Every structure is written in C-alpha cells, then in structure tokens.
2 protein chains.
Amino acid sequence: MVDAGDRAVTSIDTMVDGVHFRLAGAAGGWASPADVGHRALAGALSDLAAMGALAGEAYVSLVLPEDMGEERALELMRGAEALAGRCHTTICGGDVVSGPALVVTVAVVGWASATQPLVGRDGAQPGDRLGVTGELGAAGAALALLEDQVAPETVSPATREALLERLLRPRPRLQEGQQLAAAGAHAMIDLSDGLAADAAQLARASDVRIEIDLDALPLANGVSAVAGELRRPGWWLGAGSGEDYELCVCAAPGEELAGVHWVGRVGEGEPRVLLSDHEGEQALTGYEHL
Amino acid sequence: MVDAGDRAVTSIDTMVDGVHFRLAGAAGGWASPADVGHRALAGALSDLAAMGALAGEAYVSLVLPEDMGEERALELMRGAEALAGRCHTTICGGDVVSGPALVVTVAVVGWASATQPLVGRDGAQPGDRLGVTGELGAAGAALALLEDQVAPETVSPATREALLERLLRPRPRLQEGQQLAAAGAHAMIDLSDGLAADAAQLARASDVRIEIDLDALPLANGVSAVAGELRRPGWWLGAGSGEDYELCVCAAPGEELAGVHWVGRVGEGEPRVLLSDHEGEQALTGYEHL
C-alpha cells in the first residue's frame with residue numbers, strides 16, 4: 001500500500017529469453033541474470049520517462065525455467081534492485097512461478113501532481129520538430145556484435161564495451177522526460193522498437209505525417225562501422241534497431257529543449273513516417289530483431 | 001493516466017500454460033482462451049479483494065506462442081474484459097510479445113480512501129477466529145475431473161458444471177473483502193494456493209499459530225465425492241487445493257461477519273498451521289497442483 005500522488009500512470013513490459021535477450025549459460029547466451037533484471041525494469045521505466053512521470057513503484061513477475069536456480073533468480077532481482085535504487089523506484093512486490101522459459105514482466109506505477117504536465121503520444125502537431133535524446137543505434141550494434149553478425153575487430157574493445165553497456169544496461173531517461181514535459185513537449189515516445197517504428201506510432205496516435213532526416217541521426221560511436229560491416233548505412237541501425245531507450249519528442253519549433261538532437265519534422269497528411277537521406281527517400285528493410 | 005485515490009495497492013499475478021492451466025486445443029487442454037483471460041484477471045483481483053481495496057485498473061501482458069493466432073488472443077482478452085466489466089475494473093494497457101508458451105501476467109491497481117481500512121496479512125492476533133467465505137475445494141475437484149484422476153460419473157452433470165465453473169471462471173470476492181475490511185477484519189488472504197498453505201502465510205506474517213478444524217470446512221457440492229474417489233477425505237481437497245479464490249479472514253471473536261464460515265482459531269506459539277479433524281491432528285500430504 002502506498003500513498004498516491006494526484007495522478008497515476010502505469011506501464012507493463014515483458015521480456016522473454018530467446019526473444020528479447022539470450023540468457024548467459026546456454027549456448028550463445030550474452031545477458032547475465034543481473035542484466036536481464038536491469039533491462040526488464042529499464043524497459044518499463046522508459047515508458048514512464050516518455051510520459052514525463054515520476055517513477056514510483058515497480059512490481060516484478062518472474063517465470064523461471066527448471067534449470068534456473070534460486071541463486072540466478074536472486075541475481076536477476078539484484079540487477080533490477082540496483083537500477084531501481086538509481087531511479088528512485090521501489091520494487092514493492094511481485095510473483096514467481098515456474099514455466100518453460102525465463103519471462104520477466106515488470107509493471108511500474110508512476111505519479112504526477114495535478115499541475116505537472118504529462119505527455120502522450122497523440123499531441124504531435126503539424127509544424128513541430130521531431131527530436132531524440134542521446135545517441136542511436138548502440139543497442140542494435142551491440143546485438144550484431146553479440147550475435148556474431150560482424151567480426152569483433154569491427155570496433156575497438158572500448159567501443160565494444162560502450163555499445164554492450166547500452167544494450168545490457170540501458171538507462172531510462174526519466175529526468176530527461178520530466179524536463180521535456182515541463183518544457184512543453186507536445187508528444188513523446190521511448191525508443192524501444194526503433195526510431196522508424198516508434199515514430200510511426202506517434203504518427204498514428206497524432207494523425208500526422210513525420211519526416212525523418214536520416215543524415216541527421218546522432219549515431220553512437222561504432223554504429224557506422226558495425227552497419228558498414230553489415231553492408232548497410234549507419235542510419236539503418238540508427239532508425240531500425242530498437243532498445244536504445246532514448247526518447248523521441250515532438251515540440252513546437254520555437255522551443256529550446258536541452259539535450260535534444262533535432263532529426264525531423266511533423267507535417268500534415270496521412271499518418272506515416274517518411275525516411276530520407278541525401279540520396280532521397282529510403283525504405284527501412286531487412287531489419288530483424290535478434 | 002488516471003486520477004488517483006488517496007492510497008494505491010498493486011498486485012501482479014502470472015499464469016503459465018501447462019502450469020496454471022492447460023489451454024484447450026492441445027491434447028488434454030481444458031481452458032478456453034476466454035477462460036484463461038478471465039482466470040488471470042480474477043487471480044490478480046483476488047489479491048486486491050483480500051486487502052479490502054476497490055479494484056481500479058488492470059494491465060495485461062501476454063506472451064503468445066507461435067501457434068496461438070490473433071483470434072484466440074482476442075478471445076482471451078474478451079474473457080478478461082467481460083470479468084473486468086463485472087468487477088468495475090478497466091483494462092487500461094498491456095503488452096504483447098512472442099514466446100515459447102502462453103503466459104498471462106496481470107497487474108491490477110486498487111484504490112482506497114485515506115479513511116478506508118485496508119487489511120494486510122500481518123494483523124492476526126491470538127484469540128482471533130479464522131474464517132472463510134463461500135465454499136472450498138471446488139477448483140481442486142474440477143481439476144481432478146478435468147485431468148481424468150476420477151471418473152466423470154463421480155458427480156452428476158450439473159455438479160460437474162458447477163465445479164468447472166468455479167475452476168474456470170472464479171469470481172474475485174471484491175465486495176466481500178471490502179465488507180470484511182469495514183467490519184474490522186484483522187488479517188486476510190485470498191485462497192490461491194489452498195487454505196493450509198495460505199493460512200501458513202498468514203501465520204508467518206502475523207507470527208501466530210493457526211488451528212484449523214478440518215471437520216468444519218464448508219465444502220462445495222461434489223468435493224467429498226471426488227475426494228472419496230481419490231481415497232482421501234473431503235478436507236484434503238478443501239484445505240489442500242488452491243484456486244478457489246475465496247477469502248480467509250481473521251477477526252476478533254465478538255465480530256459478526258456476514259457470509260463467513262468459521263473454521264479455526266488463532267493462538268500463540270511458533271508460526272505454523274495445525275490441521276485436525278475428529279480423529280486428531282492431520283497432515284496434508286500428497287497434494288500436487290495440476
């Protein structure tokens with residue numbers, strides 16, 4: 001039981017072994033139990049960040065396969081607890097059941113005062129600029145490295161480490177989300193499925209057309225090199241790969257929003273996303289998660 | 001985003017195909033997608049009922065296996081929606097991912113006013129009586145019928161229908177929970193794991209000893225017949241089988257609580273549950289879920 005704020009926002013997010021991560025221990029595994037706990041909580045908190053809400057409490061449900069012992073389940077929870085502490089979130093409850101594969105579901109409840117602006121996906125307006133926080137493509141590049149789609153020497157060891165950290169220990173942009181909400185953002189979404197797919201959700205919810213300038217994407221260090229090895233341009237990872245957990249924001253052109261990199265604009269027309277670079281319109285094809 | 005009450009209680013509950021139910025369609029399956037949706041929401045709401053909270057919003061996360069088409073997933077959600085409507089609960093969000101087996105996780109948020117009593121598991125006091133709402137053992141008896149552990153003719157078709165309804169479409173005791181909380185219940189828990197196991201949780205949380213009179217258990221019609229076929233006394237299902245989703249309540253002896261059947265008492269001593277019938281102390285052995 002917790003004392004409530006004026007308004008509550010709740011989000012639920014599920015990650016499945018073999019779909020959203022590969023648990024270390026089995027062949028080809030690359031996510032430690034602590035990574036899995038961290039990522040599952042981060043994914044749920046990221047939704048709150050995109051609304052500009054204060055993180056409140058988290059509730060974690062685990063489906064544990066037989067071969068995952070208690071110690072590794074506790075390590076998973078410690079990974080989630082460590083992130084919770086950094087995000088001023090309290091893990092208040094949960095459920096543990098057995099099942100055929102590791103499944104982690106996190107529900108998070110966030111709070112806002114009656115006067116605090118909360119941002120949805122449906123407020124983008126023609127004339128708005130479209131921006132993103134941070135850098136894009138790191139999680140997708142890390143995945144390509146971990147899944148041996150590109151050679152390890154494609155990037156330096158330090159760059160590899162930084163990319164892996166972004167995939168395995170993403171940081172939900174809670175502070176940034178609250179600042180953007182307070183600064184008057186019209187619409188926001190967190191980048192869980194990739195900029196192109198997530199912007200398409202904004203476009204549908206707001207009934208607007210969104211144009212993205214692929215040359216303007218702020219790519220993380222190493223992303224272009226990994227994309228090149230895949231015989232793709234850097235924007236292919238920057239706009240296509242998910243799980244960067246940065247924020248995508250739409251705001252009026254006059255707004256100065258600290259930490260936002262402008263990458264596109266909102267227009268009238270049927271709800272869709274137009275991608276173009278210096279060569280003209282581009283299609284995002286061939287992108288598969290995991 | 002919802003306007004909040006004064007205090008929030010949140011519960012999360014997960015059900016897995018092959019562990020908590022068997023989805024119809026595969027060999028030996030007995031729960032329709034709509035049943036699964038209903039039961040998963042009922043299990044989560046039942047936790048709120050045991051606190052005496054008002055049900056607020058529900059959030060449903062689905063892990064869908066490849067062979068479960070969209071139509072069956074929608075049928076599952078319709079089953080949950082139908083129960084939500086009857087419980088004045090709104091399904092406000094969710095997540096859908098793919099995975100190796102059907103997993104349904106429901107998070108529910110309930111509300112209470114600052115002056116409304118909420119009941120925990122830790123308030124049982126020596127001298128309290130222990131009671132239950134409704135009737136016990138129905139879900140366990142239904143499971144024995146569905147899993148062919150007893151012959152169909154053990155009970156009449158009408159009794160079988162009634163037992164199956166209790167297993168497949170349990171009704172969370174939300175109203176009863178609020179009434180018991182208002183009437184001064186000291187501690188409550190919902191019967192998801194079975195009276196003996198759930199009372200043991202109350203005993204541990206409240207640091208009390210709980211004595212249960214097995215002869216006093218209010219067994220649902222047909223439970224004794226099914227237990228007899230299993231060469232067990234009726235109380236074996238009544239105290240051992242889970243998922244009846246009735247409430248177990250501890251209250252001071254003077255309290256008149258409508259709809260409660262008294263089956264035991266709370267005493268001092270090391271936290272444990274003592275089961276006894278007219279023959280003396282009994283142990284609950286050999287009970288396996290599914």
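Residues numbered from 1 in each chain as written. Chains lettered and ligands numbered in written order. Predicted model: local features only at pLDDT ≥ 70, side-chain atom pairs only at ≥ 80, totals over all residues. Heavy atoms only, no water.

In terms of helices and strands, chain A carries eight helices and twelve strands. Whereas a compact globule of 290 residues would reach a radius of gyration of roughly 19 Å, chain A reaches 19 Å, a difference of no more than 12%. Its C-alpha atoms put chain A at 55 × 50 × 30 Å along the principal axes. A burial count over chain A gives 57% of its 290 residues as buried. Restricting to contacts in chain A with at least 6 residues of sequence separation, those with at least 24 account for 84%. For chain A, the separation between the mean place of its 19 positive charges and that of its 42 negative charges on side chains is 3 Å. (Helix = DSSP H or I, 4+ residues; strand = E, 2+ residues; numbered from the N terminus. Rg over C-alpha atoms; globule rule 2.2 N^0.38 Å. Buried < 20%, exposed > 50% of the residue type's maximum accessible area, 1.4 Å probe, protein only. Contact = heavy atoms within 4.5 Å. Lys, Arg positive; Asp, Glu negative; His and termini not counted. Charge placed at Lys NZ, Arg CZ, Asp CG, Glu CD.)

To continue, consider the sheet that holds strand β4 (residues 90-98) of chain B. What the five strands build is an open sheet, ordered β1(A)-β2(B)-β5(B)-β3(B)-β4(B); its pairing is mixed. A strand with exactly one partner marks an edge of an open sheet, and here the two such strands are β1 (2-3) of chain A together with β4 of chain B. For strand β3 (residues 54-64) of chain B and strand β5 (residues 103-112) of chain B, the ladder comprises nine bridges, and the chain directions are antiparallel. In the sheet register, Y59 of chain B faces β5 of chain B, and the bridge partner there is A107 of chain B. (Pairing = 2+ DSSP bridges.)

Attention now goes to the pattern of salt bridges. Residues and elements named next belong to chain A. Under the defined criterion, the tally for this structure stands at 19 salt bridges over all chains. As a salt-bridge pair, E71 and R78 come within 2.9 Å of each other at their nearest N and O atoms. Residue E71 is classed as partly exposed on the basis of its relative accessible area, which comes to 49%. R78 gets classed as partly exposed once you look at its relative accessible area, which sits at 46%. Its salt-bridge partner being E211, residue R265 comes within 3.3 Å of it at the nearest N-O pair. (Salt bridge = Lys/Arg side-chain N within 4 Å of Asp/Glu carboxyl O.)

Contact with chain A, which involves 32 residues of that partner, is made by 32 residues of chain B. Approximately 2400 Å² of surface area, both sides summed, lies buried where chain A meets chain B, with 69% of it carried by carbon and sulfur atoms. For the interface between chain A and chain B, the tally reads zero salt bridges. Counting every contact that joins chain A to chain B gives eight residue pairs in polar contact (both at pLDDT 80 or more). At eight residues, the largest contribution of residues to the side of chain A that touches chain B is made by strand β2 (residues 7-16) of chain A. As defined by bridge partners, β2 of chain A adjoins strand β1 (residues 2-3) of chain B across two bridges and the pair is classed as antiparallel. (Buried area = accessible area lost by both parts, 1.4 Å probe. Polar contact = N/O pair within 3.5 Å; in protein donor to acceptor, adjacent residues only side chain to side chain.)

All names here are of chain A. For strand β8 (residues 209-213) and strand β11 (residues 272-277), the ladder comprises five bridges, and the chain directions are parallel. Across the sheet, residue E211 finds its bridge partner in β11, namely L274. Bridge analysis of β11 against strand β12 (residues 280-282) gives three bridges, and the strand direction is antiparallel. Counterpart to S276 in the pairing with β12 is E281. Joining the antiparallel neighbours β11 and β12 is a turn of two residues.

The next thing to look at is the packing of helix α1 (residues 33-51) of chain A against helix α2 (residues 70-86) of chain A. Residue and element names in this part refer to chain A. One can describe the packing of α1 onto α2 by two numbers: an axis separation of 6 Å at closest approach and a directional angle of 40 degrees. In terms of orientation, α1 lies oblique with respect to α2. The chirality of how α1 crosses α2 is right-handed. On α2, the residues that touch P33, A34, V36, G37, H38, L41, A42 and L45 of α1 are R72, E75, L76, G79, A80, L83, A84 and R86. For the contact of α1 with α2, a count of residues per class yields ten nonpolar, three polar and three charged. (Axes fitted to C-alpha atoms, helices over the stretch in contact; angles between N-to-C directions. Parallel < 35°, antiparallel > 145°, perpendicular 65-115°, else oblique. Left-handed = near helix turned anticlockwise from the far one by under 90°. Nonpolar A, V, L, I, M, F, W, Y, C, P; charged D, E, K, R; others polar.)

One full turn of an α-helix is made of 3.6 residues, so residues set three or four places apart face in the same direction. In this model, α1 of chain A (19 residues) spans 28 Å end to end at C-alpha, consistent with the 27 Å of a helix rising 1.5 Å per residue. Within α1 of chain A, 18 of the 19 residues are buried, leaving the element largely enclosed by the surrounding structure. (Expected span 1.5 Å × (residues − 1).)

Inspection of the secondary structure puts S206 of chain A in helix α6 (residues 195-206). Filtering out sequence-adjacent residues up to four positions away, S206 of chain A remains in contact with R121, D122, G123 and A124 of chain A.

Turning our eyes to something else, we now look at the sheet that holds strand β6 (residues 129-133) of chain B. Residue and element names in this part refer to chain B. In spatial order, the strands read β7-β9-β6-β10-β8-β11-β12; together these seven strands make up an open sheet with mixed pairing. This sheet does not close on itself; its edge strands, each paired only once, are β7 (187-190) and β12 (280-282). Direction aside, the axes of adjacent strands within the sheet are offset by 30 degrees on average. Bridging between β6 and strand β10 (residues 260-267) involves five bridges; their strand directions are antiparallel. Within β10, the position partnered with G131 by the bridge is W262. Helix α1 (residues 33-49) rests against β7 and β9 (247-251) of the sheet, and its axis sits at about 175 degrees to β7. Along the sheet face, helix α5 (residues 174-182) touches β6, β7, β9 and β10 and points at about 5 degrees away from the line of β9.

This brings us to the packing of aromatic side chains. Per the counting criterion, the structure on display carries one aromatic pair over all chains. Taking 6.2 Å as the distance between ring centres and 80 degrees as the angle between the ring planes, the aromatic pair formed by W111 of chain A and W111 of chain B counts as edge-to-face. In this pair, W111 of chain A sits in strand β5 (residues 103-112) while W111 of chain B sits in strand β5, so the two residues belong to two different chains. Judged by its relative accessible area of 10%, W111 of chain A falls in the buried class. Over the ring of W262 of chain A we find R129 of chain A; its NZ or CZ atom is 4.0 Å from the centre of that ring. (Phe/Tyr/Trp six-rings, centres within 6.5 Å; stacked < 30°, edge-to-face > 60°. Lys NZ or Arg CZ within 6 Å of the ring centre and 35° of its normal.)

With that out of the way, let us pick up the relation of the copies chain A and chain B. Least-squares fitting of chain A to chain B yields an RMSD of 0.0 Å, with the transformation described by 0.0 Å of translation along the axis and a rotation of 180 degrees. Between the two chains, the operation in question is that of a two-fold axis. When the interface residues of chain A are mapped onto chain B, 100% of them again fall at the interface, so both copies present the same face. (Least-squares fit on C-alpha atoms with pLDDT ≥ 70 in both.)

Let us look at the pairing of strand β8 (residues 209-213) of chain B. All names here are of chain B. The two faces of β8 differ: I210 and I212 on one face are buried, but R209, E211 and D213 on the other face are not. Two elements, β8 and β10, share four bridges in a ladder whose sense is antiparallel. Bridge pairing in β10 places I212 opposite G264.

To continue, consider the environment of A258 of chain B. All names here are of chain B. Mapped onto the elements of the fold, A258 is located in the loop between β9 and β10. Taking relative accessible area as the criterion, A258 reaches 73% and is therefore assigned exposed. Residues A258 and E57 lie 201 residues apart in sequence; the distance between their C-alpha atoms is 28 Å.

By themselves, these observations are geometric and do not establish any function.
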